[in-house]
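Fold and geometry: a report
Here is what each chain is made of, one letter per residue.
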Amino acid sequence: LRSVGEVGELSELFMWKGEVQKGLPGWEEREKEHLGEELSDVLLYLIRLSDMCGVDLGDAALKKIVKNAVKYPAPSKSA
């Protein structure tokens, strides 16, 4: 099992980028490609780690979404 260093490598890509905007304007194509590689590494690490730990990652994510919705409800819309 690879180390959690994968997450560190991913976070380094954003260290000096400031706020992340949709589509990553200002990022070069090679930076976006590298980001995709690092995101893939982290995803594969998480899948493997959840398997090793006996955690159903899909179920855990759905439960977390519900928990967050209760903890941080969306603002109500005024009529």
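Residues numbered from 1 in each chain as written. Predicted model: local features only at pLDDT ≥ 70, side-chain atom pairs only at ≥ 80, totals over all residues. Heavy atoms only, no water.

- Under an unreviewed UniProt entry, the name given to the protein is dCTP pyrophosphatase 1, and the source organism is Aegilops tauschii subsp. strangulata.

1. Side note on helix α3 (residues 57-71)
- An ideal rise of 1.5 Å per residue puts 21 Å on 15 residues; α3 measures up with 21 Å between its terminal C-alpha atoms.
- The distance from a side-chain oxygen at the start of α3 to the backbone nitrogen of G58 is 3.2 Å, and the residue carrying that oxygen is D56. (Helix = DSSP H or I, 4+ residues; strand = E, 2+ residues; numbered from the N terminus. Expected span 1.5 Å × (residues − 1). Polar contact = N/O pair within 3.5 Å; in protein donor to acceptor, adjacent residues only side chain to side chain.)

2. Re the environment of L10
- In this structure, L10 sits in helix α1 (residues 5-14).
- A relative accessible area of 15% places L10 in the buried class.
- Here the alpha-carbon distance between L10 and H34, two residues 24 residues apart in the chain, equals 9.3 Å.
- Not counting chain neighbours up to four residues away, the residues in contact with L10 comprise L35, E38, L39 and V42. (Buried < 20%, exposed > 50% of the residue type's maximum accessible area, 1.4 Å probe, protein only. Contact = heavy atoms within 4.5 Å.)

3. Structural notes on a nonpolar patch on the surface
- Side chains of L43, L44, L46, I47 and L57 sit close together on the surface and give an oily, nonpolar patch of about 450 Å² of accessible area.
- It is helix α2 (residues 29-53) that contributes the most residues to the nonpolar patch, four residues altogether.
- Among the structural elements, L44 can be located in helix α2. (Patch = residues over 30% accessible without salt bridge, like charges linked within 9 Å, V, L, I, M, F, W, Y side chains within 5 Å. Areas by Shrake-Rupley, 256 points an atom, 1.4 Å probe, with all protein chains shown as cover. Salt bridge = Lys/Arg side-chain N within 4 Å of Asp/Glu carboxyl O.)

4. Side note on the packing of α1 against α2
- For the pair α1 and α2, the least separation of the axes is 9 Å and the interaxial angle reads 150°. Between α1 and α2, the interaxial angle falls into the category roughly antiparallel. Relative to α2, α1 is oriented so that their crossing is left-handed. Along the contact surface, α1 presents E6, V7, E9, L10, L13 and F14, while α2 presents H34, L35, E38, L39, D41 and V42.
- In terms of residue class, the contact of α1 with α2 is built from seven nonpolar, one polar and four charged. (Axes fitted to C-alpha atoms, helices over the stretch in contact; angles between N-to-C directions. Parallel < 35°, antiparallel > 145°, perpendicular 65-115°, else oblique. Left-handed = near helix turned anticlockwise from the far one by under 90°. Nonpolar A, V, L, I, M, F, W, Y, C, P; charged D, E, K, R; others polar.)

5. A few points about unusual backbone geometry
- Within the chain, L24 stands out as a residue other than glycine whose phi angle is a positive 55°.
- Note that L24 resides in the loop between α1 and α2.
- On the basis of relative accessible area, L24 is assigned to the buried category, the value being 13%.

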